[in-house]
Amino acid sequence: MSAIVRTEGVGKKYRRRWALQDCTLDIPEGRVCGLVGPNGAGKSTLLGLTVGLLSPTVGSIEVCGGQPAVSSAQLAKVGFVAQDTPTYAGLTVADHLRMGAHLNPRWDDAAARRRIDRLGLDLRRRAGQLSGGQRAQLALTLGLAKHPDLLVLDEPVASLDPLARREFLQVLMEAVAEEGVSVLLSSHLVSDLERVCDHLIVLVDSQVKVSGDVDELLDTHHRLSGPLREEQGLPSDQSVVWSSHTDRQSTYVVRTDSPILDPAWSVTPLGLEDLVLAYLTATPTPSSASASAGRGLEVLR
Amino acid sequence: MIEFVLDARSGVSPYLQVVHQVRRALRLGLLVEGDQLPTVKDVVASLAINPNTVLKAYRELERDGLVAARPGVGTFVTKTLADSSLAAHEPLRRDLGRWLGKARAAGLDDESIEALFMSTFRAMNEEIA
């Protein structure tokens, strides 16, 4: 399967600060990819690079087989719903559809009108008079009617109430089922993503901590708990994501392809939320090995 | 037609929850041979989940020979889990009732009984595997 987004050593620097560093990714076609991380981790920067609103300081990025925003044909392949699902407050719903039809060569007007109809939106209403949930649905409708190969959404549901959030994701998932559009969406809430994503990228401090298909990530991460043990005492094929120690007990989150055979550990599978949290609260790399070993020793004393 | 529900707190992956719910419905006779499963689009629309999750669940059920996909039509139940084993339920339930009585008499509380059952269950599964 080919990649819908491929980045190679991408970095983006604003003045003196790196917003994104050494980002190498491969997102397969047809996935619904979730981009998670705390605020300020670089999520919007990565999305901006993907749609071509930003250009990388270093590295290369390829989206739908081309350089982002390099031509109008390339622009037509990628839809973008920016943060807070912006619409033009003074324009009516019908105006939005007309504008979309004029600006997009692959515009599917019938599908757009069908969606608006099903959502029960009045074509004559101005976007400024719509509720937050309706405005989000309008922005999503525009993004989908553009008929892109990849739809990028920046925190699409962050400001919506639970019901509007569910309705938004329903429409999005239906579009995935019907049209097979690939999706890249960011969120700082894992619970939003758990149902909808089959691929995940965790971004912390401008760096990609982990990325991959959700099923594979869940299969290869385990929580081990048992009697106190140093990190060096773990097999070399288990890489420690997170660890915590009391004076007699150790708890680790490890990533490994092989089964955990050591009978001293009680092994529990991780949910997606726990997995993400393990990466978000992990000890800083790359010196994490020595740092956590140091802490382990303190505990032993 | 059955309807799926998802428990976000269960820790069980959504695709397995779908598989379990179909199997349970088959076992209880809620679904029988020839019944249609909800279409992928229907499930996606009602639960707001990734279509690949539903497809994966249906594929697994297909691999187990429980359902078959008819392209363009839908996915249909091809095998019933209930009839062959349903008759065995009653005597097993009686055995289990007797066993539970013994466990209580030995002073086990609900939690201990559940823990004992699950650990024995797991140990047996590991022996088979």
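1. Quick word on the sheet that holds strand β11 (residues 239–245) of chain A
Residue and element names in this part refer to chain A.
And then number 1: Sheet architecture is open: four strands sit in the order β11-β12-β10-β13, paired in antiparallel fashion. Looking at strand neighbours, the two that pair on one side only are β11 and β13 (266–269), the edges of this open sheet. On average, each strand axis in the sheet is tilted by 20° relative to the strand beside it, whichever way the strands run.
And then number 2: Pairing between β11 and strand β12 (residues 249–255): six bridges, direction antiparallel. Looking at β12, one finds that His245 is bridged to Ser250.

2. Here we look at the sheet that holds strand β2 (residues 17–28) of chain A
All names here are of chain A.
And then number 1: Read across the sheet, three strands follow the order β2-β1-β4 without closing on themselves; strand pairing throughout is antiparallel. Taken across any chain shown, the strands that pair with only one partner, and hence form the sheet edges, are β2 and β4 (58–63). This sheet shows a mean twist of 20° between the axes of neighbouring strands, independent of strand direction.

3. A closer look at the state of the cysteines
Residue and element names in this part refer to chain A.
And then number 1: Under the criterion given, the structure shown has zero disulfides over all chains.
And then number 2: The thiol of Cys33 is unpaired, and the distance to the nearest cysteine sulfur, on Cys197, comes to 6.8 Å.
And then number 3: With no disulfide of its own, Cys64 lies closest to Cys33 among cysteine sulfurs, the gap being 13 Å.
And then number 4: Owing to a relative accessible area of 12%, Cys64 belongs among the buried residues under this scheme.

4. Concerning the interface of chain A and chain B
And then number 1: Contacts between the two partners involve 16 residues from chain A, matched on the other side by 14 residues from chain B.
And then number 2: Of the roughly 1300 Å² buried where chain A meets chain B, counting both sides, 54% is carbon and sulfur surface.
And then number 3: Inspection of the region where chain A meets chain B yields two salt bridges.
And then number 4: Measuring nitrogen to oxygen at the nearest pair gives 3.0 Å for the salt bridge that ties Glu178 of chain A to Lys41 of chain B.
And then number 5: Along the contact surface separating chain A from chain B lie nine residue pairs in polar contact (both at pLDDT 80 or more).
And then number 6: In terms of residue count, helix α6 (residues 162–179) of chain A provides more of the side of chain A that touches chain B than any other element does, eight residues in total.
And then number 7: Partitioned by chemical class, the residues of the side of chain A that touches chain B number seven nonpolar, two polar and seven charged.

5. With respect to the side chain of Lys146 of chain A
Residue and element names in this part refer to chain A.
And then number 1: Here Lys146 shows up in the loop between α5 (132–145) and β6 (150–153).
And then number 2: Although buried, Lys146 forms no salt bridge, and the nearest oppositely charged side chain, Asp149, lies 11 Å from it.
And then number 3: Here Val78 takes part through its backbone oxygen, which lies 3.3 Å from a polar atom of the side chain of Lys146.
And then number 4: A polar side-chain atom of Lys146 sits 3.2 Å from a polar atom in the side chain of Asn104.
And then number 5: Those residues in contact with Lys146 that lie beyond four places of it in its chain are Leu75, Ala76, Val78, Gly79, Asn104, Arg106 and Trp107.

6. A few points about unusual backbone geometry
All names here are of chain A.
And then number 1: Here the phi dihedral of Asp22 falls at roughly 45°; this positive angle occurs in a residue that is not glycine.
And then number 2: Looking at the secondary structure, you find Asp22 in strand β2.
And then number 3: On the accessibility criterion, Asp22 (60% relative accessible area) is exposed.
And then number 4: Located in the positive-phi region is Ser206, a residue other than glycine, with phi close to 60°.
And then number 5: Positionally, Ser206 belongs in the loop between β8 (199–204) and β9 (207–213).

7. So, the pairing of β2 of chain A
Consecutive side chains of a regular strand alternate in pointing toward one face of the sheet and then the other.
And then number 1: With eight bridges connecting them, strand β1 (residues 3–14) of chain A and β2 of chain A associate as antiparallel partners. Paired with Tyr14 of chain A across the bridge in β2 of chain A is Arg17 of chain A.

8. What to know about the domain arrangement of chain B
When the parts come together, some accessible area is lost, and that loss is often what is quoted as the size of the interface.
And then number 1: Domains assigned within chain B are domain 1 (14–83) and domain 2 (86–128).
And then number 2: Taken over C-alpha atoms, the centre of domain 1 of chain B sits 29 Å from the centre of domain 2 of chain B.

9. Observations regarding the domain arrangement of chain A
Residue and element names in this part refer to chain A.
And then number 1: One can read the domain layout of chain A as domain 1 (3–205) and domain 2 (216–280).
And then number 2: In this structure, domain 1 and domain 2 have C-alpha centres spaced 35 Å apart.
And then number 3: Across the contact, eight residues belong to domain 1 and six residues belong to domain 2.
And then number 4: In total, about 700 Å² of surface goes out of reach between domain 1 and domain 2, with carbon and sulfur atoms giving 82% of it.
And then number 5: Per-residue buried area on domain 1 facing domain 2 is highest for Val190, Glu194 and Leu200; these three make up 59% of the total on that side.
And then number 6: Linking domain 1 with domain 2 are zero salt bridges.
And then number 7: For the pair domain 1 and domain 2, the number of links is zero residue pairs in polar contact (both at pLDDT 80 or more).
And then number 8: With three residues, the single largest contributor to the side of domain 1 that touches domain 2 is β8.
And then number 9: Classifying every residue of the side of domain 1 that touches domain 2 by side-chain character gives six nonpolar, one polar and one charged.

10. Overview of the confidence of the model for chain A
Caution applies to low-pLDDT regions: their predicted coordinates should not be interpreted in detail.
And then number 1: On average, residues of chain A score 89 in pLDDT, and 93% of them are at 70 or above.
And then number 2: The lowest-confidence element of chain A is helix α10 (residues 288–300) of chain A, averaging 38 in pLDDT; the highest-confidence one is β6 of chain A, averaging 97.

11. Details of helix α1 (residues 43–51) of chain A
All names here are of chain A.
And then number 1: Taken across its nine residues, α1 has eight buried, putting it largely inside the fold.
And then number 2: Listed in full, the buried residues belonging to α1 are Lys43, Thr45, Leu46, Leu47, Gly48, Leu49, Thr50 and Val51.
And then number 3: Immediately downstream of α1, the backbone of Gly52 shows phi near 90°, a positive value.

12. A word on the confidence of the model for chain B
And then number 1: The share of residues in chain B with pLDDT of 70 or more is 95%, and the mean pLDDT across the chain is 88.
And then number 2: For this predicted complex, the interface score ipTM comes out at 0.73, alongside a pTM of 0.81.

What counts, and where the lines are drawn
Residues numbered from 1 in each chain as written. Chains lettered and ligands numbered in written order. Predicted model: local features only at pLDDT ≥ 70, side-chain atom pairs only at ≥ 80, totals over all residues. Heavy atoms only, no water. Pairing = 2+ DSSP bridges. Helix = DSSP H or I, 4+ residues; strand = E, 2+ residues; numbered from the N terminus. Axes fitted to C-alpha atoms, helices over the stretch in contact; angles between N-to-C directions. Disulfide = S-S within 2.5 Å. Buried < 20%, exposed > 50% of the residue type's maximum accessible area, 1.4 Å probe, protein only. Contact = heavy atoms within 4.5 Å. Buried area = accessible area lost by both parts, 1.4 Å probe. Salt bridge = Lys/Arg side-chain N within 4 Å of Asp/Glu carboxyl O. Polar contact = N/O pair within 3.5 Å; in protein donor to acceptor, adjacent residues only side chain to side chain. Nonpolar A, V, L, I, M, F, W, Y, C, P; charged D, E, K, R; others polar. Lys, Arg positive; Asp, Glu negative; His and termini not counted. Domains from an automatic or database assignment. pLDDT = per-residue confidence, 0-100.

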